[in-house]
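So you can see what is in the structure, the chains are spelled out below.
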Amino acid sequence: MAWRLGSRIGLGLVAAGIAAAGASAQEKVLRVGMTAADIPRTLGQPDQGFEGNRFTGIPIYDALTHWDLTKEKEPSALIPGLATDWKVTDDTTKWHFRLRPGVTFHDGSPVNAAAVVWNVQKVLDKTAPHFDPSQVGVTASRMPTLRSARVVDDMTVELTTSEPDAFLPINLSNLFMASPTHWDAKLKAVPASVSDPAERAKQAWTAFAADPSGSGPFRVTRFVPRERLELAANPAYWDEKRRPKIPRVVLLPLPEANARTAALLSGQVDWIEAPAPDAVQQITSRGFKMYQNVQPHVWPWQLSFIEGSPWLDKRVRHAANLCINRGELKEALSGLMAEATATYEPGHPWHGNPSFKIKYDPAAAKKLMTEAGFSAAKPLKVKVQTSASGSGQMMPIPMNEYVQQGLKECFFDVELDVIEWNTLFTNWRQGAKDASARGANIINVSYAAMDPFFGMVRFTSTKTFPPVSNNWGYFGNDEFDKLIADARTSFEAGARDAALARLHARIVEEAPFIWVAHDVGPRAMSTKVKGVVQPQSWFIDIATMSLE
């Protein structure tokens, strides 16, 4: 099947606000073109998927645990953040985290155990005066077993889970710490005429988002929704190795790949995420540098298992996985992807030994579809909900059109429903039964796979059905719940890896996904940006970079 991306790169002013982001030759400012259509939320728990974590989470805030983003040649590992160490207690549902002394928020208030408890309460305790429902969906679904927090002493906090959960320290890398003192000041500024406590809290969080206070290496100096976010270096950041060398960063939402590419080529930005694949040669010939690396990321179709779904027949699921020429897609994307045959590829300790081997085999796919009762004259009608852009979505429209065209050969009639990225991300938590699915029996949301919960558990547990987490298709049964429990209660690394390998093998065999690609995080930058480390991670650290 011949197929190629069709796009043209036009120069000129491509987005409102870019001209204002320009800097004189003497001014040291890094201008970044993001794939998001809006600035990710700045109030402490970002939206816009993990692009939000990358650009308004990690730079502005800290979590108890961090990812090591300093290495290119090995997968990113979990390291201490605001917590220097942690341990699970004997009953395996309580954890003690010891905090790093001397850390302060941007407003000067201390990061202590009380602040950590306050940040847990903001998303888990509906009775807390600062509880914020708007932050729950993007946070609680990423740490589903965390139930409460308690001060042990000023620098030690106890976290309690609903069940033994060896994955908790990894999950906590998504809980960013905002300043309670700064929020209290915003609450006091809410007019007395606003008497409803929930409305007062909402207005305080709105004010906090416009003028946030975290403890990260950058602080916010200007915020214009849908247009720009300006950050300034925090010279007092606690980690000397991450004290920023770049004094100012400007983040610009540019959801269209062609617009991002044009902005880079015309010198309006210094860095773009996910450039247009057919412009890579032009980008490099003009002296810009391309960065990419394998990362724990999957670009899939996630399938519905609700009553009446066309995907309930495993033969159909296997056929779709066998009918995609991933090598041809990679060529069309100028090599800016890796072929996906599972969530974790052979060689990974969690891959296991699945009996179903995913490859390009259209003859086998047609045979399965014929057995299931379908043919060219009687194709299977399916509908996929996707986005036009977004964090980790790569090139969603042309990639979905490619899969649509390829599956036609194997008796599938695919309808695409393209919606805005943040709406799609919200729909992901609502589930296939919800009206937001608009009749789709597939959702195309890329996902991170750096930890067991993100890569497997949230898609296969009966405890993560919507709206708890991202099991959009309601896939799961007692067998998978048992496999998950075996892994979650294995606190020794070797036993946990073995249990996760068994879980992954069964996932591949049952095929609740159509695995298409792994992202390689392609980004293009001006050569004046120095000290760039492209880690094997969804994330990247601006704090360690510099500008000529």
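My aim in this report is to walk through the structure given alongside it, one point at a time. The numbers attached to residues start from 1 for each chain and follow its sequence in the written order. This being a predicted model, a pLDDT of at least 70 is required before a residue's local features are given, and a value of 80 or more before pairs of side-chain atoms are given or counted; all residues contribute to the totals for chains, interfaces and linings. Side-chain metrics rest on all non-hydrogen atoms present in the structure, leaving aside hydrogens and water.

1. Some words on the layout of surface pockets
It is a probe the size of a water molecule, rolled over the atoms, that shows where empty space is left.
1) Next: Any residue with an atom within 4 Å of a point lines the site, the site being either a cavity, points on a 1 Å grid over the protein atoms alone where a 1.4 Å probe fits but cannot get out, or a pocket, an open set with protein on both sides within 12 Å along at least 5 of 7 lines. Grid points are joined across faces, edges and corners, and a volume is the space filled by probe spheres set on the points. One number sums up the size of the largest pocket: a volume of about 890 Å³.
2) Next: Together, 39 residues line the largest pocket, and Pro 75, His 348, Trp 350, Ala 449 and Met 450 are the ones closest to its centre.
3) Next: Helix and strand definitions follow DSSP, with helices as H or I runs of at least four residues and strands as E runs of at least two, each counted in order from the N terminus. Sorting elements by how many residues they give to the lining of the largest pocket places helix H17 (residues 493–510) first, with 3 residues.
4) Next: Residues belonging to the lining of the largest pocket are distributed by class as follows: 25 nonpolar, 9 polar and 5 charged.
5) Next: Quantified by volume, the second largest pocket comes out at close to 450 Å³.
6) Next: Residue lining of the second largest pocket: 23 residues in total, with His 66, Trp 67, Ile 79, Arg 242 and Asp 541 positioned closest to the centre.
7) Next: Those elements that provide at least two residues to the lining of the second largest pocket are strand S2 (65–67) and strand S3 (78–80).
8) Next: In terms of residue count, the dominant contributor to the lining of the second largest pocket is S2 (3 residues). Three categories are distinguished: nonpolar for Ala, Val, Leu, Ile, Met, Phe, Trp, Tyr, Cys and Pro, charged for Asp, Glu, Lys and Arg, and polar for the others, with Gly belonging to the last.

2. Topic: the sheet that holds strand S4 (residues 83–88)
By way of backbone hydrogen bonds, the strands of a sheet pair with one another, either parallel or antiparallel.
1) Next: Pairing in this open sheet of 4 strands is antiparallel, and the strands run S4-S5-S7-S6 from one edge to the other. The sheet terminates laterally at S4 and strand S6 (146–153), the two strands that pair on one side only. Along the sheet, successive strands turn relative to each other by an average axial angle of 20 degrees, direction set aside.
2) Next: Where strand S5 (residues 94–99) meets strand S7 (residues 156–161), 5 bridges bridge the pair, whose relative direction is antiparallel. Looking at the pairing, Phe 97 lines up with Val 157 of S7.
3) Next: The contact criterion used throughout is that any non-hydrogen atoms of two residues lie within 4.5 Å. Angular values range over 0 to 180 degrees, each being the angle between N-to-C directions of two axes fitted as lines to C-alpha atoms, with helices fitted over their stretch in contact. Each of S5, S6 and S7 is contacted by helix H3 (residues 113–124), which is oriented at about 165 degrees to S6, the strand it contacts most. The pairing criterion for strands is at least two bridges between them, as found by DSSP.

3. A look at the side chain of Asp 417
1) Next: By the element assignment, Asp 417 lies in strand S16 (residues 412–419).
2) Next: Classification of Asp 417 as buried rests on a relative accessible area of 10%.
3) Next: We call two N or O atoms a polar contact when they sit within 3.5 Å, provided that within protein one can donate a hydrogen and the other can accept it, with sequence-adjacent residues counted only if both atoms are side-chain atoms. Within the local environment of Asp 417, its side chain forms a polar contact with the side chain of Gln 385, the two groups lying 3.1 Å apart. Whether a residue is buried, partly exposed or exposed follows from its accessible area with a 1.4 Å probe, protein chains only, as a fraction of its type maximum: under 20%, in between, or over 50%, in that order.

4. A closer look at empty space enclosed by the protein
1) Next: Counted under the stated rule, the structure contains 5 cavities of 30 Å³ or more.
2) Next: What the largest cavity holds in volume is close to 150 Å³.
3) Next: Along the walls of the largest cavity sit 19 residues, with Phe 50, Arg 142, Phe 425, Trp 428 and Arg 458 positioned nearest its centre.
4) Next: The biggest single contributor to the lining of the largest cavity is helix H14 (residues 421–430), with 4 residues.
5) Next: A breakdown of the residues in the lining of the largest cavity according to their chemical character gives 10 nonpolar, 6 polar and 3 charged.
6) Next: Around the second largest cavity, the lining comprises 15 residues; the ones closest to its centre are Arg 54, Glu 273, Ala 274, Gly 392 and Asp 519.
7) Next: The residue makeup of the lining of the second largest cavity, split by class, is 4 nonpolar, 7 polar and 4 charged.

5. Observations concerning the nonpolar core
1) Next: Here the nonpolar core consists of buried residues drawn from Ala, Val, Leu, Ile, Met, Phe, Trp, Tyr and Cys, with membership extended through side-chain atoms lying within 4.5 Å. Trp 301, Phe 412 and Trp 515 are the most contacted members of the largest nonpolar core, which totals 143 residues.
2) Next: With residues near it in sequence (within four places) discarded, Trp 515 still touches Val 298, Trp 299, Asn 321, Arg 326, Ala 340, Thr 341, Ala 342, Thr 343, Ile 358, Tyr 447, Ile 507 and Val 508.
3) Next: Ranked by size, the runner-up nonpolar core spans 24 residues in total, among them Leu 82, Leu 99, Val 116 and Leu 175.

6. Some thoughts on the pairing of strand S15 (residues 380–387)
1) Next: Of all 8 residues in S15, 7 are buried; the element is thus mostly enclosed.
2) Next: Taken together, S15, helix H13 (residues 396–408) and S16 constitute a β-α-β crossover, and its handedness is right-handed.
3) Next: As defined by bridge partners, S15 adjoins strand S17 (residues 442–443) across 2 bridges and the pair is classed as parallel. For Val 384, the partnering residue across the bridge sits in S17 and is Ile 442. Here a crossover is taken to be right-handed if, once the strands point away from the viewer, the path from the first strand over the helix to the second is traced clockwise.

7. Points about the packing of helix H15 (residues 452–460) against H17
1) Next: Viewed as axis vectors pointing N to C, H15 and H17 meet at an angle of 50 degrees, and their least axial separation amounts to 11 Å. In terms of orientation, H15 and H17 fall into the oblique class. In this structure, H15 crosses over H17, and the sense of that crossing is left-handed. For the pair formed by H15 and H17, the contact residues are Pro 452, Met 456 and Thr 460 on the first element and Leu 500, Leu 503, His 504 and Ile 507 on the second.
2) Next: Split into classes, the residues belonging to the contact of H15 with H17 amount to 5 nonpolar, 2 polar and no charged. Each angle gets one of four labels, with under 35 degrees taken as roughly parallel, over 145 as roughly antiparallel, 65 to 115 as roughly perpendicular, and the rest as oblique. Here a crossing is called left-handed whenever its near helix is offset anticlockwise from the far helix by less than a right angle, and right-handed whenever the offset is clockwise.

8. Concerning the pattern of salt bridges
1) Next: Salt bridges are defined as contacts in which a side-chain nitrogen from Lys or Arg sits within 4 Å of a carboxyl oxygen from Asp or Glu. All told, the structure shown has 28 salt bridges when counted by the stated rule.
2) Next: Between Arg 150 and Glu 158 there is a salt bridge, and its shortest N-O distance comes to 3.1 Å.
3) Next: In this structure Arg 150 comes out as partly exposed when scored by relative accessible area, which is 44%.
4) Next: In this structure, Glu 371 engages Lys 367 in a salt bridge whose closest nitrogen and oxygen atoms are separated by 2.7 Å. In this pair, Glu 371 and Lys 367 are both assigned in helix H12 (residues 362–371), 4 residues apart and thus about one turn of the helix distant.
5) Next: Given the relative accessible area of 53%, Lys 367 is considered exposed.

9. A short note on the packing of H15 against helix H16 (residues 478–488)
1) Next: Packing of H15 against H16 brings their axes to within 10 Å, and their N-to-C directions diverge by 145 degrees. In this structure, H15 meets H16 at a crossing whose hand is left-handed. From H15, Phe 453, Val 457 and Thr 460 reach across to H16, where they touch Phe 480, Asp 481, Ile 484 and Arg 488.

10. Focus: the packing of aromatic side chains
1) Next: Under the pairing criterion, centres of Phe, Tyr and Trp rings, with the six-membered ring standing for Trp, must be within 6.5 Å; the plane angle then separates stacked pairs below 30 degrees from edge-to-face pairs above 60, leaving the rest tilted. Inspection of every chain in the model, using the stated rule, returns 26 aromatic pairs.
2) Next: Aromatic side chains Tyr 344 and Trp 350 sit 5.2 Å apart centroid to centroid with 85 degrees between the ring planes, which places their arrangement in the edge-to-face category. Of the two residues examined, Tyr 344 and Trp 350, each falls in the buried class.
3) Next: Plain terms: the ring middles of Phe 513 and Trp 515 are 5.7 Å apart, the flat faces sit at 50 degrees to each other, and that makes the pair tilted. This pair shows no difference in class: Phe 513 is buried, exactly as Trp 515 is.
4) Next: Each ring is checked for a lysine NZ or an arginine CZ that lies within 6 Å of its centre and within 35 degrees of its normal; such an atom marks a charge sitting over the ring. The positively charged end of Lys 433 is found above the aromatic ring belonging to Tyr 474, 4.4 Å away from the centroid.
5) Next: A cation sits over an aromatic face here: Arg 458 above Phe 454, 4.7 Å from the ring centre.

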